[in-house]
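Structural characterization, general
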Amino acid sequence: MEVEVGVPGPTADIKLFRQSQPKFDTSQPFSGDKGFQGGENITTPHKRKPKRELTQQQKDENKALSSNRIFIEHLICLLKIFRISSHRFRLNLETYEQIILTVCGLVRLRIGSLILPS
């Protein structure tokens, strides 16, 4: 699991994605929510166009995509239990990254995915 610490202030998800995408292989597929519309190599749900309904095939594709993403959404929920990631950070910004990485480590312990060296 790769941890990308956010930036201060309002920033669109797609902008952060585009900045970090060069770190990955160009053929790497990604999956995102509607906030990632327009990104390269990223699968996003279909959006309903004004005054039109989604076809049944589009609805089925959205359902399949959301079924695959539910694990990620649950991880985000676990992170937000620690309010540091869902509220304004009012302390020194230099300590923010250390605190977020600590919270991510605690969540990894919680879900049992931490691999300890033998």
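Provided above is the structure to which this section pertains.
Here goes a summary of the coordinates provided. (Residues numbered from 1 in each chain as written. Predicted model: local features only at pLDDT ≥ 70, side-chain atom pairs only at ≥ 80, totals over all residues. Heavy atoms only, no water.)

When helices and strands are counted, the protein shows three helices and two strands. The linear arrangement of helices and strands in the protein, starting from the amino end, is α-β-β-α-α. Going through the 118 residues of the protein one by one, you find that 19% of them count as buried. Long-range contacts, defined here as pairs at least 24 residues apart, represent 28% of the contacts in the protein between residues at least 6 apart. About 9700 Å² of surface is accessible on the protein, with carbon and sulfur atoms providing 55% of the total. (Helix = DSSP H or I, 4+ residues; strand = E, 2+ residues; numbered from the N terminus. Buried < 20%, exposed > 50% of the residue type's maximum accessible area, 1.4 Å probe, protein only. Contact = heavy atoms within 4.5 Å. Areas by Shrake-Rupley, 256 points an atom, 1.4 Å probe, with all protein chains shown as cover.)

Right, let's get into helix H2 (residues 56-81). A rise of 1.5 Å per residue sets the reference length of H2, with its 26 residues, at 38 Å; its end C-alpha atoms lie 36 Å apart and thus fit the reference within 8%. At Arg69, H2 is bent by approximately 45°, the largest bend along its length. Taken residue by residue, H2 has Asn62, Leu65, Arg69 and Leu75 as its buried positions. Buried residues in H2 make contact with strand S1 (30-31), strand S2 (42-43) and helix H3 (96-111). (Expected span 1.5 Å × (residues − 1). Bend = angle between axes of the 7 residues up to and from the residue.)

Examined against the element boundaries, Arg110 turns out to sit in helix H3. Residue Arg110 is classed as exposed on the basis of its relative accessible area, which comes to 64%. With 32 residues separating them along the chain, Arg110 and Leu78 place their C-alpha atoms 8.9 Å apart.

Turning our attention to helix H1 (residues 13-20). Residues Ile14, Phe17 and Ser20 constitute the buried set of H1. Down the axis of H1, the sector holding all buried residues measures 130°, keeping them to one side. Considering only its buried residues, H1 is in contact with S1 and S2. (Arc of directions from axis to C-beta.)

This part covers the pattern of salt bridges. Once their charged atoms are close, side chains differing in charge can pair, the charge on each being opposite to the other. All chains considered together, the criterion is met by one salt bridge. Here Arg69 and Glu73 are joined by a salt bridge, their closest N and O atoms 2.4 Å apart. Here the residue Arg69 and the residue Glu73 both occupy positions in helix H2, the gap between them amounting to four residues, near one helical turn. Taking relative accessible area as the criterion, Glu73 reaches 33% and is therefore assigned partly exposed. (Salt bridge = Lys/Arg side-chain N within 4 Å of Asp/Glu carboxyl O.)

Of all hydrophobic cores here, the largest spans five residues; its members are Ile14, Phe17, Phe30, Phe36 and Ile42. Ignoring sequence-local partners within four residues, the contact set of Ile14 consists of Gly35, Phe36, Gln37, Gly38 and Gly39. (Core = buried A, V, L, I, M, F, W, Y, C linked by side-chain atoms within 4.5 Å.)

The subject of this paragraph is unusual backbone geometry. At Lys51, a position not held by glycine, the phi torsion is positive, near 65°. Secondary-structure assignment places Lys51 in the loop between S2 and H2.

Right, let's get into a nonpolar patch on the surface. A cluster of nonpolar residues, Ile70, Phe71, Ile72, Ile76 and Ile111, forms a patch on the protein surface that exposes about 410 Å² of accessible area. The element best represented in the nonpolar patch is H2, accounting for four residues. The residue Ile111 is located in helix H3 in this model. For Ile111, a relative accessible area of 36% gives the class partly exposed. (Patch = residues over 30% accessible without salt bridge, like charges linked within 9 Å, V, L, I, M, F, W, Y side chains within 5 Å.)

These figures capture arrangement, not role.
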